[in-house]
Amino acid sequence: MKNGILFLIVLVTLISCNQEPEGYTINGTLTGGLEEGTNVFLKRIGDNNQPIEVDTATITDGKFQFKGVSTTPELHYIFVDKIKGYTAVILENGTIDFSAQKDSLGFASIEGTLQNDVFADYLEKSRALSQQARSIQDDLQKATQNGSPEATIIALRDEMQELQEEYKGFELEYIKSHPNALISALLLDRAVASKAIDSEEIKTMYEALSPEIMNSKPGKRVLEGIEKLKKSEEAKKNTSVGAKAPDFSGPNPEGKTIALRDVMGKVTLVDFWAAWCRPCRAENPNVVAVYNKYHEKGLNIVGVSLDRTAEAWKKAIADDRLEWNHISNIAYFDDEIAKLYNVDAIPAAFLLDENGVIVAKNLRGPALEEKVAELLN
């Protein structure tokens, strides 16, 4: 009978040890002489990229605690009232041990759960590479200031380039070797945003992630980003030099819809700009001079504005004396024409020949006039 009872006790213990924790507990320790009752905030980033407060704790004898339930691993941040900096922590069910010095929150020790242990490992290796980059950057700055030989400066730049490639390789390999880690989804999300690798490679790595990480917030963003990246790559291909420029249409300042195909000349400049864009406004006098010189010989211009308001757009047209065709959907970078031409920064310009084929991109100053003159013989 005693053996039967002992077996049941051991069985219950094993089952309880293998059960998933029902919630999270963050046990925090802060050193450096913080006042009793100082507030500690647990925050996450909302849909508008602003921090949202999730919970508040107070410091007692240098310690604080957060408790709750996490439905899926998610990146959160710990802030301390009146103290600069913050600490990133992955909120997941289990016991998370946090310890930091008040003046160096960014270097806190966080451990106790799978996601945070992997995250800490990534940060340690990442910081080592970042330290190398800072060292090279310091050497490059000193070499430039001290008038070192050009060969020395070139060598340092090459070294920095090699390190950047090494860092990229490190992150990609980390993603592949940690399919169960939230940091892998976060790194993929960043790769999508920076277009560091093509959509097919990102898709392959995404599909290798665990279902839990795929369904996390950054995992879902990656899936959405892959589709956007595919469209961007297709747009880039369709607007490369030698490609036939995609047709488009939109409202002019008077509200009339005009299409590119209807206003093309022997040479056509499709100019993406905005009233708020200082480099665009600085280049406008040169574009005006080229237009005035070559319009009668066959040069037409279509300005595509990425302005936020019609008032600013129309005022800039008048102020800069831009006497050519204009289109704007008043949609900033959400403009469909900008997406069609893979424009994510302005000024951006596409020079078309009489057949609508893109012959040059982003020409400015004398280079623009030279190419226009060449095309018009």
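Read on for a plain summary of the structure.

Analysis parameters
Residues numbered from 1 in each chain as written. Predicted model: local features only at pLDDT ≥ 70, side-chain atom pairs only at ≥ 80, totals over all residues. Heavy atoms only, no water. Helix = DSSP H or I, 4+ residues; strand = E, 2+ residues; numbered from the N terminus. Rg over C-alpha atoms; globule rule 2.2 N^0.38 Å. Buried < 20%, exposed > 50% of the residue type's maximum accessible area, 1.4 Å probe, protein only. Axes fitted to C-alpha atoms, helices over the stretch in contact; angles between N-to-C directions. Parallel < 35°, antiparallel > 145°, perpendicular 65-115°, else oblique. Core = buried A, V, L, I, M, F, W, Y, C linked by side-chain atoms within 4.5 Å. Contact = heavy atoms within 4.5 Å. Expected span 1.5 Å × (residues − 1). Salt bridge = Lys/Arg side-chain N within 4 Å of Asp/Glu carboxyl O. 1 Å grid on protein atoms, 1.4 Å probe; cavity = no way out; pocket = protein on both sides within 12 Å on 5 of 7 lines; lining within 4 Å. Points joined across faces, edges and corners; volume = space filled by probe spheres on them. Nonpolar A, V, L, I, M, F, W, Y, C, P; charged D, E, K, R; others polar.

## Quick look at the overall build of the protein
Link 1 in the chain: Across its full length, the protein holds 11 helices and 15 strands.
Link 2 in the chain: In terms of overall dimensions, the protein is more spread out than a globule: its C-alpha atoms have a radius of gyration of 28 Å, far above the 21 Å expected for 377 residues.
Link 3 in the chain: Summarising its shape, the C-alpha atoms of the protein cover approximately 105 × 55 × 40 Å along the three principal directions.
Link 4 in the chain: For the protein, the residues scored as buried account for 41% of the 377 residues in total.

## Some words on the packing of helix 2 (residues 114-145) against helix 3 (residues 150-177)
Link 1 in the chain: Contact geometry for helix 2 and helix 3: axes closest at 9 Å, N-to-C directions at 170 degrees. Taken together, helix 2 and helix 3 sit at an angle that is classed as roughly antiparallel.

## Notes on the nonpolar core
Link 1 in the chain: In this structure, Phe 248, Phe 272, Tyr 341 and Val 343 are the most contacted members of the largest nonpolar core, which totals 45 residues.
Link 2 in the chain: For this core, the secondary structure elements donating two or more residues are strand 11 (267-273), helix 8 (278-294), strand 12 (299-305), helix 9 (310-320), helix 10 (336-340), strand 14 (348-352), strand 15 (358-361) and helix 11 (366-375).
Link 3 in the chain: Ranked by residues supplied to this core, first place goes to helix 8 with six residues.
Link 4 in the chain: Dropping the residues within four chain positions of it, Phe 272 is found in contact with Cys 280, Val 304, Ile 337, Ala 338, Tyr 341, Val 343, Ile 346, Pro 347, Ala 348 and Phe 350.

## Details of the side chain of Ser 216
Link 1 in the chain: Inspection of the secondary structure assignment puts Ser 216 in the loop between helix 6 (211-214) and helix 7 (217-238).
Link 2 in the chain: Not counting chain neighbours up to four residues away, the residues in contact with Ser 216 comprise Thr 72, Pro 73, Leu 182 and Ala 185.

## Brief notes about helix 2
Link 1 in the chain: Relative to the 46 Å expected for 32 residues at 1.5 Å per residue, helix 2 spans 46 Å between its end C-alpha atoms, a close match to the ideal helical length.
Link 2 in the chain: Within helix 2, burial applies to Gln 115, Asn 116, Val 118, Phe 119, Tyr 122, Ser 126, Leu 129, Ile 136, Leu 140 and Ala 143.
Link 3 in the chain: Of the residues trailing helix 2, Gly 147 is marked for its positive phi of about 65 degrees.

## So, the pattern of salt bridges
Link 1 in the chain: Across all of its chains, the model carries 12 salt bridges by this definition.
Link 2 in the chain: With a shortest N-O distance of 2.6 Å, Arg 281 and Asp 320 are connected by a salt bridge. With Arg 281 in helix 8 and Asp 320 in helix 9, this pair connects stretches of sequence that are 39 residues apart.
Link 3 in the chain: Of the residues examined, Arg 281 reaches a relative accessible area of 25% and is grouped as partly exposed.
Link 4 in the chain: For Lys 315, the salt bridge identified is with Asp 319, shortest N-O distance 2.7 Å. Of this pair, Lys 315 and Asp 319 both sit in helix 9, four residues apart, which is roughly one turn of the helix.

## Some details on the layout of surface pockets
Link 1 in the chain: Reported here for the largest pocket is a volume of approximately 920 Å³.
Link 2 in the chain: The wall of the largest pocket is formed by 26 residues, among which Lys 195, Lys 228, Leu 229, Ser 232 and Lys 339 lie closest to the centre.
Link 3 in the chain: Those elements giving two or more residues to the lining of the largest pocket turn out to be helix 4 (182-194), helix 7 and helix 10.
Link 4 in the chain: Looking at the lining of the largest pocket residue by residue, the class counts come to 11 nonpolar, four polar and 11 charged.

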